[in-house]
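Structural description and commentary
Each chain, letter by letter, is given below.
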Number of protein chains: 2
Amino acid sequence: MTAQQKLNNKLLNNLHICVGLDTDINKIPKHLLSAGNPVLEFNRIIIENTLDIAAAYKINFAFYEKDGPKGFENIIDTVKLIPAGTLIIADAKRGDIGNTAKMYAESVFNYFKFDSVTVNPYMGIDSVKPFLEYNDKITFILGLTSNPSAADFELKKMSSGNYLYQEVIRQINEWNAKGNCGVVFGATKFENLAGNFDMLKNLYTLLPGVGTQGGKLEDIVKLFGKKNYRNYLINVSRALIYADDSKNFAFATRKKLIEYNEIVSNILN
Amino acid sequence: MTAQQKLNNKLLNNLHICVGLDTDINKIPKHLLSAGNPVLEFNRIIIENTLDIAAAYKINFAFYEKDGPKGFENIIDTVKLIPAGTLIIADAKRGDIGNTAKMYAESVFNYFKFDSVTVNPYMGIDSVKPFLEYNDKITFILGLTSNPSAADFELKKMSSGNYLYQEVIRQINEWNAKGNCGVVFGATKFENLAGNFDMLKNLYTLLPGVGTQGGKLEDIVKLFGKKNYRNYLINVSRALIYADDSKNFAFATRKKLIEYNEIVSNILN
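Residues numbered from 1 in each chain as written. Chains lettered and ligands numbered in written order. Predicted model: local features only at pLDDT ≥ 70, side-chain atom pairs only at ≥ 80, totals over all residues.

1. Points about the interface of chain A and chain B
Selection criterion: Think of it this way: build a C-beta for each residue from its backbone, and any pair within 7 Å is a contact. Secondary structure is summarised from DSSP: a helix means a run of H or I of at least four residues, a strand means a run of E of at least two, and numbering begins at the N terminus for each. Three classes are used: nonpolar for Ala, Val, Leu, Ile, Met, Phe, Trp, Tyr, Cys and Pro, charged for Asp, Glu, Lys and Arg, and polar for all others, with Gly counted as polar.
Each partner contributes to the interface: chain A provides 47 residues, whereas chain B provides 47 residues. Counting residues per element, the ones that place at least two in the side of chain A that touches chain B are helix H3 (62-65), helix H4 (68-81), helix H5 (98-111), helix H6 (125-132) and helix H7 (164-175) of chain A. Residues belonging to the side of chain A that touches chain B are distributed by class as follows: 21 nonpolar, 14 polar and twelve charged.

Next up, the structure:
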């Protein structure tokens, strides 16, 4: 099944919430620390308790890479825990010259077996193209990010009158001949999202920043609903996976995800 | 010893060439394939034969990451092969929100024990600051990169009249209060380098793109020499490490590095 098919299936079932596995050994429930592999055990329990109601999973490489080879084993083993019908995003924000980007693409798609990846557009098409050569994967390219210092460059005006992020999204639309491009748009940047909505029509949109970072779920779902766009994923990481730190943590995560899904369904129906 | 001290010591000895360990099992000499760990064996031999005449080493994460956990073991073991007096750069081009960038910084500096890293500025200071909190490391931030599609965004004009990469380098100068910032400037972009030279005075400059990508060593050394700037590293990867594919490959690499060093010394003296 292609990444597009996996994602579309979920979206058609009103599932728009992506579970971000930013798993940090310092934040997981203390009782798991006695497990042989606490990070993997945490991921296993979260996945088991959310699989039927999650639109996708996103694995943030930084949280694993910091544990070296062991962390990379945990990425591989976490990917294996997620059945083939569910989209898995490598949140790696890679970007390098063509020769190197080709290696990164091989790594995330062939070695680690992800369906999807996040990449950084700063270096232009050379750094994105090796990912786009995989037709059946989805490559989410940073547009306007959720963090405050998106203002440093992304929100700077170009001589064209557009902001840098608008130029980037315009380019992404040109790169999308095979329908395998997505864009990352921070849920915290609602005004910009609303103001540039028509540029997102033909792209998958990944919206991080709901929850801990302050983005508002309702506003986003209403905005997409108004135009009847269904091609978006809202990522929630910390607010979801660390909803509770007791032995019942996964129950709390599931409960929270159900609440989010209900907010989405109520607006869409 | 701080990263700055390590690098300055080499630069004062007229050593300006950084050896890029873009080690690819498909390109290393065939006789090494029977070794227990061909990639590490290749790196070991290259390092042994260049250590006294290299200004620094740069490890391109993509080439290792594609082998998964084994590749990460190779990064760790390669770092261990390089004695403490020589700068080692993690060419990882990381960039993410603060919370995540902090993890990446911990990973490259504390876990993998690098002296230095490359990062991507697109998301602004939030994504760079966690690296800059390590005073005794050097963080090279992408300015103008060596690849053709640097034209897509980096070479786009801003409403200020500057190119995006110029805005980025201006910001890097502001972020450099602790003297731990560097900039990546493609050796293939000589005209831009010459035209923006005064912005590099207080930064370490890492210049990739000499060799296979076509940048001219002599021109760069003359340019820096004219202003008496000594704060630059010229990276050569493929043209150096794959100079020869016989059993004497490391001799060919050493010979080539000596030639490069002589070009530098002849211009500087």
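2. Quick notes on H5 of chain A
Note the cut-off: One less than the number of residues in a helix, times 1.5 Å, gives the span that helix is expected to have. To assign burial, the other C-beta atoms lying within 10 Å of each residue's own C-beta are counted, with C-beta atoms placed from the backbone; 20 or more indicates buried, 12 or fewer indicates exposed, and intermediate counts indicate partly exposed.
With 14 residues, H5 of chain A extends 18 Å between its outermost C-alpha atoms, agreeing within 8% with the 20 Å of an ideal straight helix rising 1.5 Å per residue. Among the residues making up H5 of chain A, those that are buried are Thr 100, Ala 101, Met 103, Tyr 104, Ala 105, Ser 107, Val 108 and Phe 109 of chain A. Structurally, H5 of chain A contributes buried residues whose contacts are with strand S3 (87-94), strand S4 (116-119) and H6 of chain A together with strand S2 (56-60) and helix H3 (61-65) of chain B. Lys 113 of chain A sits one or two positions beyond H5 of chain A and adopts a positive phi of about 65°.

3. Digging into the nonpolar core
Defined as follows: Only buried residues count toward a nonpolar core: Ala, Val, Leu, Ile, Met, Phe, Trp, Tyr and Cys, linked into one set through C-beta atoms within 7 Å.
Core analysis: the biggest nonpolar cluster contains 173 residues, and Ile 17, Ala 56 and Ile 234 of chain A together with Ile 17, Ala 56 and Ile 234 of chain B have the highest contact counts within it. Those residues within four positions of Ala 56 of chain B in sequence are excluded, and the remaining contacts are Leu 7, Lys 10, Cys 18, Thr 86, Leu 87, Ile 88, Ile 89 and Leu 233 of chain B.

4. Re the environment of Ile 97 of chain A
Considering the arrangement of structural elements, one finds Ile 97 of chain A in the loop between S3 and H5. On the basis of neighbour counts, which here come to 25 C-beta atoms within 10 Å, the residue Ile 97 of chain A falls in the buried class. Each C-alpha atom of the pair Ile 97 of chain A and Arg 254 of chain A lies 41 Å from the other, and the pair is 157 residues apart in sequence. In this structure, Ile 97 of chain A is in contact with Met 123, Asp 126 and Ser 127 of chain A together with Thr 145, Ser 146 and Asn 147 of chain B, ignoring residues within four places of it in sequence.

5. What about the relation of the copies chain A and chain B?
Note the cut-off: Residues below a pLDDT of 70 in either copy are left out; the C-alpha atoms of the rest, at least 70 in both, set the least-squares superposition of the copies.
Under the fitted operation, chain A is carried onto chain B by 0.0 Å of movement along the axis and a turn of 180°, and the coordinates agree to an RMSD of 0.0 Å. Here the copies are linked by what is in effect a two-fold axis. Most of the interface of chain A is mirrored in chain B, where 100% of its interface residues are also at the interface.

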